[in-house]
Structure formats: structure tokens, C-alpha cells
Amino acid sequence: MFPTFKRAALPLATAVAGLALTTTAIAHDDSDPIPVKVFIASMFEIGDNTGDRAGEFQHWYENYWQNAEPVEVRGATHELYCNDAGVCGSVLGMGKVASSSSMQAILLDPRYDFSDTWFVLSGVAGTPPSQGTIGMVSWATWLVDYDLGHRWAAEEGEPGEPLFQPREGYEDIRVYQLNPQLVERAMALSADTPLEDSESAQQYRQRYPDDMARRTPFVRTGTHMTGDTFFHGPGLSAEAQYMTELYGADDYVITEMEAAALTQVIDRLHGTERIMSLRGAVNFDQGNPNETTQQHLDPAPGNTAGGFAETVANIELVGSRVVDDIVDHWDQWQNGVPTD
């Protein structure tokens, strides 16, 4: 939210003169768009951009924009920051509508040139215990929209049959395969990143029997499922996996709320070849075998996963490996993914 200022009424001549000056300044700014090499999107921040408990944006901000001036973009939920190296970023808002409308406002701002930009869509997420663990970081190979289809109650269908059917007319926007060469390059640059962990997360993992759930944090790839619904429980997790198989995507490893919508917006203007989705797991998408889904959703004190602070740090640790490589070797990255 931006502060509101009350302004005293001005004489007409003064107001007109001020308008002329403002118009001239804007025209000058717009005449030379700033080329953006990398745009980093986060979805929320808990408090300030630095100096307090970190949300999705704080570690990025502290690494790239400590000395950058905030720029207000009309239609975006938060300010835009850019550094002298051509790395820009912003908090877009949570969910499909808030994030995609902010993204479109930023992309259409004439002060910036996004024609050669690499996009990093980053944030926290959930993971099925069979595919990931708390603190894990994942680069998406595919993005699937969880919401574009038909669903019905279990008692209204055939026993054991899927409860989801894709809706016709959304074939071009319900699933995106991200650039395989870009994903491969991102993994090559970041797979060996030392990741942070916490004692509370280590203890929480032991509640799950899955070998993957009990692992220490690591970097992997897979399908990211985008939905405005925070779905929980083994049944809906299995449905998400069914959808990825239905669409011919990789295994479902991440549930999040924005990436497919953001990709649709970017695709309309610049295509999808330069988009990366980077997510860190802060929770499992279902309870352990000894708790119900409701108990997992509303845990008793002391029964939460922990590891949030370490996960948001891990996202930036992994992502900055790629961002820095792009900036440091721009001559190799400007025209596409380096092949050497």
C-alpha cells in the first residue's frame, strides 16, 4: 500500500505549469526504455523488504536492490526495483488474479524494455511427501493449471474413477512446457547449491514414512501445479498427479498459486522460452498416516512443519546462481540459452 498525501489546491496557472513540467519529464523518461536482463517475481512479503522476518521477496531484495529506488507502476500491487546490472523485481501479489494483473502492468510500462528478459517466478509452495521435502527447491519443467476443468463429488461418480475432467476450450493455456534447455541449464548451475535446514524441519520429516519426505533439502525438477485452491489430502494430491499424466507432463512435485497465470501473461507479449518457475517447499500437501486431513490443516501447537525461514533463503540461494550467471555472461545469454 502506498501512502496517501493531501495536496493543497493550486492556482490554475501554477497547476498548468506543473502539468507541463511533469509531462516533459515523463516524455523524457519514456524516450529511452531501460533494458531488463532478469525479472524476479515474488508473490508476498511479510513486513518490510529488509531487517525483519523474511517472506518471499526479502532475500532477493537484500542481494540485488538495497540501493535501488522504488518505482511505482500503475496497476501493480507493489513497487518495482531495478539495479544498474539490469536485474529488476517486484512483489506481484498472491493468487492468479493479483499476480497476473501486476505482471501485465509491469510488462506494459513503457519505461522498461522486456524484449530480452529472463523471468524467474519464485515463491514458496507445497509438495507431496512422495516427491519432495521441507526446504527442497524445484525448477519447473511443466506448469499445469489446476482449475480449468470440471469436478464433482465422489459420491456422484463411479467408485474409484477420477473426479476431474478437462474443460474444452482451454487447451492452449491449461498446460505449459517450459524451455527444456533452460531448465537443464538452470539445474546445471544450481543443483549443487548448499541449502539451509532447521532442526524443527528435520524432526517434522520423521512423521512421514516416505524416503523422499525424510531427505534433507535438495534441488530437483518436475511439474508445478497452479491453483487458487489450497488443496490438501492424499485424494486431491492423487488427482493433481492424475492431471499431469492426463496432460503428458512430468510428475507433480509442487503446488502453488501463480505460475501458470503469470506464464499466460508473459506468453502473450514475449513467449515462454525465457520463463523459469522456482519454488521452495514449506509444507506437505497432505498429513502423515497418523493424522487426518483436518488435523493437518489445523495442527495442534508444536505440530507445524518449521523450515519456512530456511526455505525462503534456499530459493534465493538457488535462483541467484542462475541470475548472476545471466548477468555476468550476458553476451552468451542475450540471444538464448548458452549451448556450451
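For the structure, check the block above.
My aim in this report is to walk through the structure given alongside it, one point at a time. (Residues numbered from 1 in each chain as written. Predicted model: local features only at pLDDT ≥ 70, side-chain atom pairs only at ≥ 80, totals over all residues. Heavy atoms only, no water.)

By convention here, two paired aromatic rings are described through the distance between centres and the angle between planes. Per the stated rule, a full pass over the model turns up 16 aromatic pairs. Arranged with centres 6.3 Å apart and planes meeting at 25°, the rings of Trp60 and Tyr64 form a pair that is stacked. Residue Trp60 and its partner Tyr64 are located together in helix H2 (residues 58-64), separated by 4 residues, close to a single helical turn. The same class applies to Trp60 as to Tyr64, namely buried. Between Tyr61 and Tyr81 the ring centres are 5.3 Å apart and the planes differ by 80°, which places this aromatic pair in the edge-to-face class. (Phe/Tyr/Trp six-rings, centres within 6.5 Å; stacked < 30°, edge-to-face > 60°. Helix = DSSP H or I, 4+ residues; strand = E, 2+ residues; numbered from the N terminus. Buried < 20%, exposed > 50% of the residue type's maximum accessible area, 1.4 Å probe, protein only.)

Okay, the environment of Leu236 next. Mapping Leu236 onto the fold places it in helix H6 (residues 234-246). Here the alpha-carbon distance between Leu236 and Leu163, two residues 73 residues apart in the chain, equals 9.4 Å.

Among the nonpolar cores identified, the biggest contains 36 residues, and Ile40, Trp65 and Trp139 are the most heavily contacted of them. In terms of residue count, the dominant contributor to this core is helix H9 (residues 308-328) (8 residues). The contact partners of Trp65, leaving out residues within four places of it in the chain, are Ile40, Phe57, Trp60, Tyr81, Cys82, Asn83, Val87, Cys88 and Gly89. Core analysis: the second largest hydrophobic core is formed by 28 residues, Val36, Ala41, Ala76 and Ala259 among them. (Core = buried A, V, L, I, M, F, W, Y, C linked by side-chain atoms within 4.5 Å. Contact = heavy atoms within 4.5 Å.)

With that out of the way, let us pick up the pattern of salt bridges. This structure, assessed with the given rule, holds 9 salt bridges. Salt-bridge contacts for Arg111 lead to Asp109; the nearest nitrogen and oxygen are separated by 2.6 Å. Overall, the relative accessible area of 25% leaves Arg111 in the partly exposed class. The exposure class of Asp109 is buried, given its relative accessible area of 9%. For Asp192, the salt bridge goes to Arg321, with nearest N and O atoms at 2.8 Å. Note that Asp192 is positioned in the loop between helix H4 (180-190) and helix H5 (199-205) and Arg321 in helix H9, a separation of 129 residues in sequence. (Salt bridge = Lys/Arg side-chain N within 4 Å of Asp/Glu carboxyl O.)

Given 3.6 residues per turn, any residue in an α-helix points the same way as the ones three and four places further on. Here H6 spans 18 Å end to end across 13 residues, near enough to the 18 Å set by a 1.5 Å rise per residue. Restricting attention to buried positions, one finds in H6 the residues Ser237, Glu239, Ala240, Gln241, Met243 and Thr244. For H6, the secondary structure elements touched by its buried residues are strand E7 (137-145), strand E8 (149-151), strand E9 (164-166), strand E11 (219-226) and strand E12 (252-256). Backbone geometry just downstream of H6 places Gly248 in the positive-phi region, at approximately 75°. (Expected span 1.5 Å × (residues − 1).)

On the secondary structure map, Glu45 appears in the loop between strand E2 (38-42) and H2. Once you skip the residues sitting within four places of it in the chain, Glu45 turns out to touch Arg53, Ala54, Gly55, Glu56, Phe57, Gln58 and Val91. Separated by 2.8 Å, the side chain of Glu45 and the backbone nitrogen of Gln58 make a polar contact. (Polar contact = N/O pair within 3.5 Å; in protein donor to acceptor, adjacent residues only side chain to side chain.)

Moving on, we come to the pairing of strand E13 (residues 275-284). Of all 10 residues in E13, 9 are buried; the element is thus mostly enclosed. Summarising the sheet, E7 and E13 pair through 3 bridges and their orientation is antiparallel. Each residue of the ladder has a partner; that of Ser138, found in E13, is Arg279. (Pairing = 2+ DSSP bridges.)

Attention now moves to the side chain of Thr141. Secondary-structure assignment places Thr141 in strand E7. A polar contact is formed between the side chain of Thr141 and the side chain of Asp250, at a distance of 2.7 Å. Each residue touching Thr141, except ones within four places of it in the same chain, is listed here: Tyr176, Gln177, Leu178, Val183, Thr221, Gly222, Thr223 and Asp250.

Looking now at the layout of surface pockets. A volume near 620 Å³ is recorded for the largest pocket. If you trace the largest pocket, you find 30 residues lining it, with Ala125, Gly126, Phe230, Val282 and Asn283 closest to the centre. Counting only elements with at least two residues in the lining of the largest pocket, the list comes to strand E6 (118-127), E12, E13 and helix H8 (293-297). No other element matches E13, which puts 4 residues into the lining of the largest pocket. The residue makeup of the lining of the largest pocket, split by class, is 15 nonpolar, 10 polar and 5 charged. (1 Å grid on protein atoms, 1.4 Å probe; cavity = no way out; pocket = protein on both sides within 12 Å on 5 of 7 lines; lining within 4 Å. Points joined across faces, edges and corners; volume = space filled by probe spheres on them. Nonpolar A, V, L, I, M, F, W, Y, C, P; charged D, E, K, R; others polar.)

Right, let's get into the state of the cysteines. Under the defined criterion, the tally for this structure stands at 1 disulfide. Disulfide pairing is shown between Cys82 and Cys88; the S-S distance is 2.0 Å. Judged by the torsion about the S-S bond (110°), the Cys82/Cys88 disulfide is right-handed. Here Cys88 falls in the buried class, since its relative accessible area comes to 2%. (Disulfide = S-S within 2.5 Å.)

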